[in-house]
Amino acid sequence: TAALDKSKQSRARGITLDLGFSAFLLPLPEQLRGEQQTISNSNNASSDINESESNSGDKKKKKKKSGSNNSRGVGGGRSNSSNSNLDQKYDLLQVTLVDCPGHASLIRTIIGGAQIIDMVLLVVDATKGMQTQTAECLVIAEMTTRNLIVVLNKIDMFPENEREERVQLAEKKIRMALRGTKCFEDAKMVGISACVGGEKVAAVGDGGGLIGGGTGGVTTTNAHGEVAGTNNIHGLLDVLQSQMRAPNRDARPSPERFHFAVDHCFPIKGQGTVLTGTCLSGSARPNDMVEFPTLATQKKIKGLQMFRRKANIIQQGDRAGICVSNFDAKLMERGTIASPGTIKLIHGAIAVVRKVRFFKGQLNSGGKFHVSVGHQTVMATVTFWGAREIARQVEREQESQQQQMASNGNAPILGKSSLGGTADLAGLPRLKFDWNQDFLHQDNYLESIPVSDDVLASQVETSKDGDSQPPLHWARLEFLTPVYCPMDSLVIGSRLDTEVNANACRLAFSGRLVERYDERQDNGRLKSYTKKEKVGRCCRLGDPYRRSDDNKLVRYEIFGTDLFKKETNMSQFVGLLIETDSGDVGSIQSSFGS
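Since the model is a prediction, treat every value here as computed from it, not as a measurement. (Residues numbered from 1 in each chain as written. Predicted model: local features only at pLDDT ≥ 70, side-chain atom pairs only at ≥ 80, totals over all residues. Heavy atoms only, no water.)

S.K.: Mind showing me how you'd approach the overall build of the protein chain here?
M.R.: Scanning the protein chain from terminus to terminus reveals 10 helices and 32 strands. The buried share of the protein chain, taken over its 594 residues, is 53%. Carbon together with sulfur atoms contributes 47% to the accessible area of the protein chain, which is approximately 28000 Å² in total. (Helix = DSSP H or I, 4+ residues; strand = E, 2+ residues; numbered from the N terminus. Buried < 20%, exposed > 50% of the residue type's maximum accessible area, 1.4 Å probe, protein only. Areas by Shrake-Rupley, 256 points an atom, 1.4 Å probe, with all protein chains shown as cover.)

S.K.: Help me understand the environment of leucine 480 in this model?
M.R.: Counting through the fold element by element, leucine 480 comes out in strand E23 (residues 473–484). Residues leucine 480 and valine 378 lie 102 residues apart in sequence; the distance between their C-alpha atoms is 7.1 Å. Excluding residues that lie within four positions of it along the chain, leucine 480 makes contacts with Lys368, Met379, Ala380 and Thr381. (Contact = heavy atoms within 4.5 Å.)

S.K.: Would you mind showing me how to read the confidence of the model for the protein chain here?
M.R.: A low pLDDT score tells you not to read the predicted coordinates there in detail. Averaged over every residue, the pLDDT of the protein chain is 76; residues scoring 70 or more account for 72%. Summarising per-element confidence for the protein chain, the mean pLDDT is lowest in strand E7 (residues 209–211) (37) and highest in strand E13 (residues 289–292) (95). Taken as a whole, residues 36–84 scores under 50 in pLDDT and shows 291 contacts with residues more than four places along the chain or in a different chain. Overall, residues 205–218 carries pLDDT values under 50, and its contacts beyond four positions in sequence, including any with other chains, amount to 35 contacts. (pLDDT = per-residue confidence, 0-100.)

S.K.: Where do I start with the pattern of salt bridges in this structure?
M.R.: Pairs can form between side chains of opposite charge once their charged atoms are near each other. This model, assessed by the stated rule, comprises 13 salt bridges. The closest approach of N and O atoms between arginine 166 and glutamate 162, which form a salt bridge, is 3.3 Å. Its relative accessible area of 33% is what places glutamate 162 among the partly exposed residues. A salt bridge links arginine 537 to aspartate 562; its shortest N-O distance comes to 3.0 Å. Of this pair, arginine 537 sits in strand E27 (residues 537–541) while aspartate 562 sits in the loop between strand E30 (558–561) and strand E31 (577–579), and the two are 25 residues apart along the sequence. Side by side, arginine 537 and aspartate 562 carry an identical accessibility label, which is exposed. Linked by salt bridges that have partners in common, Arg547, Asp549 and Asp550 make up one network. (Salt bridge = Lys/Arg side-chain N within 4 Å of Asp/Glu carboxyl O.)

S.K.: I'm lost on helix H5 (residues 132–144) in this one. Help?
M.R.: Residues spaced three or four apart along an α-helix face the same direction, because each turn holds 3.6 residues. Look at H5: 19 Å from first C-alpha to last across 13 residues, which is about the 18 Å you get at 1.5 Å a residue. Across the 13 residues of H5, 12 count as buried, placing the element largely inside the fold. Turning to H5, its buried residues are Thr132, Gln133, Thr134, Glu136, Cys137, Leu138, Val139, Ile140, Ala141, Glu142, Met143 and Thr144. (Expected span 1.5 Å × (residues − 1).)

S.K.: Even after reading the chapter, I still don't get empty space enclosed by the protein, so can you show me in this structure?
M.R.: In this approach a probe as big as a water molecule rolls over the atoms, and the regions it shows empty are the leftover space. Per the stated rule, a full pass over the model turns up four cavities of 30 Å³ or more. Space inside the second largest cavity adds up to approximately 160 Å³. Elements that contribute at least two residues to the lining of the second largest cavity include exactly H5 and strand E19 (345–355). In terms of residue count, H5 provides more of the lining of the second largest cavity than any other element does, three residues in total. (1 Å grid on protein atoms, 1.4 Å probe; cavity = no way out; pocket = protein on both sides within 12 Å on 5 of 7 lines; lining within 4 Å. Points joined across faces, edges and corners; volume = space filled by probe spheres on them.)

S.K.: Before we go on, may I ask you to explain helix H6 (residues 163–178) in this structure?
M.R.: Look at H6: 22 Å from first C-alpha to last across 16 residues, which is about the 22 Å you get at 1.5 Å a residue. When we look at burial in H6, the residues that qualify are Val167, Ala170, Ile174 and Leu178. An end-on view of H6 places all buried positions within 85° of arc, on one side of the element. Exposed residues on H6 whose side chains face more than 90 degrees from its buried face are Glu165, Lys172, Lys173 and Met176. Buried positions along H6 lie against strand E4 (120–125), H5, strand E5 (148–153) and strand E6 (188–191). (Arc of directions from axis to C-beta.)

S.K.: Would you mind going over the sheet that holds E6 with me for this structure?
M.R.: Two pairing modes exist for strands in a sheet, parallel and antiparallel, and in both the strands are linked by backbone hydrogen bonds. Strand order across the open sheet formed by three strands is E4-E5-E6, with parallel pairing between neighbours. The open sheet has two free edges, formed respectively by E4 and E6, since each of these has just one partner strand. For this sheet the average axis-to-axis angle between neighbouring strands, irrespective of direction, equals 25°. Relative to E5, E4 runs parallel, the two being bridged by six bridges. By the bridge assignment for E5, leucine 121 is matched with isoleucine 149. Running at roughly 170° to E4, H5 makes contact with E4 and E5 of the sheet. Those strands touched by helix H8 (residues 233–242) are E4, E5 and E6, and its axis lies near 165° from that of E6. (Pairing = 2+ DSSP bridges. Axes fitted to C-alpha atoms, helices over the stretch in contact; angles between N-to-C directions.)

S.K.: Before we go on, may I ask you to explain unusual backbone geometry in this structure?
M.R.: Negative phi values dominate among residues other than glycine, just as trans dominates among peptide bonds. A positive phi is found at asparagine 287, a non-glycine position, where the angle reads about 80°. Looking at where asparagine 287 falls in the secondary structure, it is placed in the loop between strand E12 (283–284) and E13. Even without glycine at this site, arginine 308 takes up a positive phi of about 70°. Looking at the element boundaries, arginine 308 is found in the loop between strand E14 (297–306) and strand E15 (309–310). Judged by its relative accessible area of 80%, arginine 308 is exposed.

S.K.: In this structure, what is going on with the sheet that holds strand E20 (residues 367–373)? I would like to understand it.
M.R.: Taken in spatial order, the six strands of this closed barrel run E19-E23-E21-E20-E24-E25, and their pairing is antiparallel. Ignoring which end each strand starts from, the neighbouring axes of this sheet average 40° apart. Pairing of E20 with strand E24 (residues 490–494), which is carried by four bridges, proceeds in the antiparallel orientation. Opposite valine 373, over in E24, you have valine 491 as the bridge partner. Docked against the sheet, H5 engages E24 and strand E25 (507–516), running at close to 30° with respect to E25.

S.K.: Hey, could you run me through the side chain of glutamate 291 in this one?
M.R.: In this structure, glutamate 291 sits in strand E13. Buried glutamate 291, no salt bridge; nearest opposite-charge side chain is lysine 344, N-O distance 6.7 Å. Polar side-chain contacts of glutamate 291 include one of 2.8 Å to the backbone nitrogen of glycine 341. In this view, glutamate 291 contacts Thr297, Gln298, Thr336, Ile337, Ala338, Ser339, Pro340, Gly341 and Thr342; residues no more than four positions away in its chain are not counted. (Lys, Arg positive; Asp, Glu negative; His and termini not counted. Polar contact = N/O pair within 3.5 Å; in protein donor to acceptor, adjacent residues only side chain to side chain.)

In structure tokens form, the structure reads like this:
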């Protein structure tokens, strides 16, 4: 992978330390033949998350080393007609692998790679099973995709006469861990040895390299010239092919909302500077202007390539290289480039968030968290509120979005700023924030909404094992360091200062950015109230009226007593709502008598 090529330490240890990317071709899976494209120009699906300390892990077509306990990704094809069948234009499917490191200390890199994927290959050391970082990668996978394959690596470490039984036992333990997830309980599993002998055999010296070539029989030479083999890679490819689904892409040409996540930047003599990354939304062509928000500069696209092939256009989901001239590659390693003026510097934001079920700590308002947006991770002060109000709003919003998608022929809503990580999968619906709404004051994140509150049962989500999901909340994120990112981005809040070896999930919540927030301008716009109750009694009814539509006798006024003391200043209570024990609601108009 690119990660192994770049880092000498990675090559020496035979593990992944950085994001790496590569691709290979597979025959078009049978389930995709005849499946109709819902959106024109749909392209690559990429995916991957990793998690493990060190080990060898299967990678791409030509490379084969990396950390065990990882995850990787998968890609799709391209069509130019919204009603064309995949097999009418394609015989092969391109799979793009996003190789994330596995060690728990590299969780920031894992989070960055997780937001550009469609499928996860969760690579687990079969000899160790689920570890803390495995669980964290599983949480990230839940936020980004519904497609997961568990790859049990290093099965060659089991004695051959016990291998089948030991692999089945490892599968059983992993299956039990998956029961607590929302959608991975029935995930496919496959046992492999990505590099027989482990990471020590996978490690290569300066003279080491790759030999061979097939998709299932890749071999490597280590520093001593020894050839490393694999075990059951063809079995993994068969499972991968059977689980492929056409990627959901919004790829209509739209240069005005082009967002591109850059993961590597390097110069090529005589050509310029190449930025490699993933197109998150919109499209770009040669000669288009792109902006580097963090550097406050704009450059013209000199050329485009996709895996060493020239391209005239790149669209959502495409892995590509963008060549620009007169740009110092040392100024940027990772980040985002975009259509000029589309990404602003934000000091804070309002997001819809949900607590990660496996996070054991409390989410206290005013607490500081590490907040990851794309490849950036910064500290932020977080305030939570609105659990009751958002529960009532979510059903109305979802119905409206379903109608909108139905009218668009099930096309995805414009403005997505990530691929698999659309945040819909994490249970984060696309909600609008109403600045005029009054919210009941909350001190901290509510683990559950009280049963007494008027919330419909259908709005309380449950997992497969029957446990209720933590309720949605609004959250105000005040970044200690301002960030450049588009609205609608997936954000993940963590406590990364927790001891790596502690047996605890560090991921605290996931969210979707909804609205910019500037403390200097918007602090007074948020409306909250504290619920207080005064109880009185009805002493007299107002004059009766005959209602014309149903001919019923009704009274629109009542007179109450014992609510206030004589010396109370009634002006602050006039206009407030009042409720009778039978559920009728009205407002206080004035005081009367002495």
